[in-house]
Amino acid sequence: MRRKLVVANWKMHGSRARNRQLLDAVKPPLQSLAGRVDIAVCPAHLHLGETVAALAGSNIRPGAQNLYGLAEGAMTGETSASMLVDCGAEFVILGHSERRGHLGETDAEVADKFAAARESGLIPILCVGETRAERDAGETEAVVSRQLDAVTEKTGMEAMRGAVIAYEPVWAIGSGTPATPEQAQAVHAMLRERLARRSEEIAGGVRILYGGSMNAANAAELFAQPDIDGGLVGGASLKAEEFITICTSAGS
Ligand code: 13P
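Residues numbered from 1 in each chain as written. Predicted model: local features only at pLDDT ≥ 70, side-chain atom pairs only at ≥ 80, totals over all residues. Heavy atoms only, no water.

(A) Examining the site of the ligand more closely. Contacts to the ligand come from Asn9, Lys11, His96, Glu168, Ile173, Gly174, Gly212, Ser213, Leu232, Gly234 and Gly235. In the environment of the ligand, an oxygen atom lies 2.8 Å from a nitrogen or oxygen atom belonging to the side chain of histidine 96. At 2.8 Å from an oxygen atom of the ligand is found a side-chain nitrogen or oxygen belonging to glutamate 168. Protein contacts shield 94% of the accessible area of the ligand, which totals 310 Å² for the unbound molecule. Class assignment of the residues belonging to the shell around the ligand gives a composition of 2 nonpolar, 7 polar and 2 charged. (Near = heavy atom within 4 Å. Polar contact = N/O pair within 3.5 Å; in protein donor to acceptor, adjacent residues only side chain to side chain. Areas by Shrake-Rupley, 256 points an atom, 1.4 Å probe, with all protein chains shown as cover. Nonpolar A, V, L, I, M, F, W, Y, C, P; charged D, E, K, R; others polar.)

What follows is the structure, encoded as structure tokens:
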């Protein structure tokens, strides 16, 4: 039985004061979910240290939104996996479609980042997902398979043990229109089946999150699907009541 995981992706939002306010509001109610659902919050790198401090003693775990796939070196402006670990991150979101789409991040770069995360002990959250045009062209399976295979082929299946995948259809992100539970379940099952061809045992333990316009009103029916193991939540994670409701749905 995979315990559900809900991850807040704060993206490039927040300030020191607003983050503190939001965490103050969500920490006490979410404490009652300890042991039933795993919860993580991924702030901007600059806010990681203070977020880690604010989460001390709570059941919410800190994560980051990106890393650079080298241990250390001359790479101005970038942040390594070991730096994130040193500052208290436990998770890292990798290959988000905003990075793939707007910043040109390639499958190969995402695979390097995944390997770096694993080497440093971070739990990677690998994002995959198709655009509207790709879905309309019937290419969903080919696209997400290519994104997944780029990682498993570089790192080997053992690196997927305990890792997290997030299926985020690009057309659903920030659009207000999520994938239907059936659409999401079909892709989640396909991703798990693809992993199971390499190792059924490891595939059975990988948590596959859904992301894309998840909110308090639609989370429960998404979580009811057998291969949806939680959510990667953008906009709704910035609203205390919404995020609390989503986490509560995951824990019930
Ligand atoms: P929204 O929940 O705002 O659609 O964003 C989803 C997302 O991209 C999470 O990584």
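(B) Region of the structure containing the packing of aromatic side chains. Within this structure, the stated rule accounts for 1 aromatic pair. Above the ring of tryptophan 171, the side-chain terminus of arginine 132 is found at 4.5 Å from the ring centroid. (Phe/Tyr/Trp six-rings, centres within 6.5 Å; stacked < 30°, edge-to-face > 60°. Lys NZ or Arg CZ within 6 Å of the ring centre and 35° of its normal.)

(C) Expanded view of empty space enclosed by the protein. All chains considered together, the criterion is met by 1 cavity of 30 Å³ or more. Quantified by volume, the largest cavity comes out at close to 40 Å³. Considering the residues around the largest cavity, the lining is formed by Gly95, Ser97, Arg100, Cys127, Val128, Gly129, Gln147, Glu168, Val170 and Ile173. Only helix 4 (97-102) and strand 5 (123-128) provide two or more residues apiece to the lining of the largest cavity. Among the residues making up the lining of the largest cavity, the classes are represented as 4 nonpolar, 4 polar and 2 charged. (1 Å grid on protein atoms, 1.4 Å probe; cavity = no way out; pocket = protein on both sides within 12 Å on 5 of 7 lines; lining within 4 Å. Points joined across faces, edges and corners; volume = space filled by probe spheres on them. Helix = DSSP H or I, 4+ residues; strand = E, 2+ residues; numbered from the N terminus.)

(D) Up close: the environment of histidine 13. Take histidine 13: it is sitting in the loop between strand 1 (5-9) and helix 1 (16-31). Here histidine 13 falls in the partly exposed class, since its relative accessible area comes to 39%. In the structure, histidine 13 is positioned 181 residues away from arginine 194 in sequence and 34 Å away in space, judged by C-alpha atoms. (Buried < 20%, exposed > 50% of the residue type's maximum accessible area, 1.4 Å probe, protein only.)

(E) Seen up close, the nonpolar core. Val6, Leu30, Leu67, Met160, Ile165, Leu191 and Tyr210 are the most contacted members of the largest nonpolar core, which totals 64 residues. The element best represented in this core is helix 11 (residues 240-250), accounting for 6 residues. Ignoring sequence-local partners within four residues, the contact set of tyrosine 210 consists of Tyr167, Pro169, Ala172, Pro178, Ala179, Ala184, His188, Leu222, Ile228, Gly230, Gly231 and Leu232. (Core = buried A, V, L, I, M, F, W, Y, C linked by side-chain atoms within 4.5 Å. Contact = heavy atoms within 4.5 Å.)

(F) Fine view of the packing of helix 1 against helix 2 (residues 48-55). Two elements in contact, helix 1 and helix 2, have axes whose closest approach is 11 Å; the angle formed by their N-to-C orientations is 25 degrees. If you check the angle between helix 1 and helix 2, you find them roughly parallel. Every pair of crossing elements has a handedness; the one defined by helix 1 and helix 2 is right-handed. Residues Arg16, Arg20, Leu23 and Lys27 of helix 1 form the contact with helix 2, whose own contacting residues are Glu50, Thr51, Ala54 and Leu55. Here the contact of helix 1 with helix 2 is composed, by residue class, of 3 nonpolar, 1 polar and 4 charged. (Axes fitted to C-alpha atoms, helices over the stretch in contact; angles between N-to-C directions. Parallel < 35°, antiparallel > 145°, perpendicular 65-115°, else oblique. Left-handed = near helix turned anticlockwise from the far one by under 90°.)

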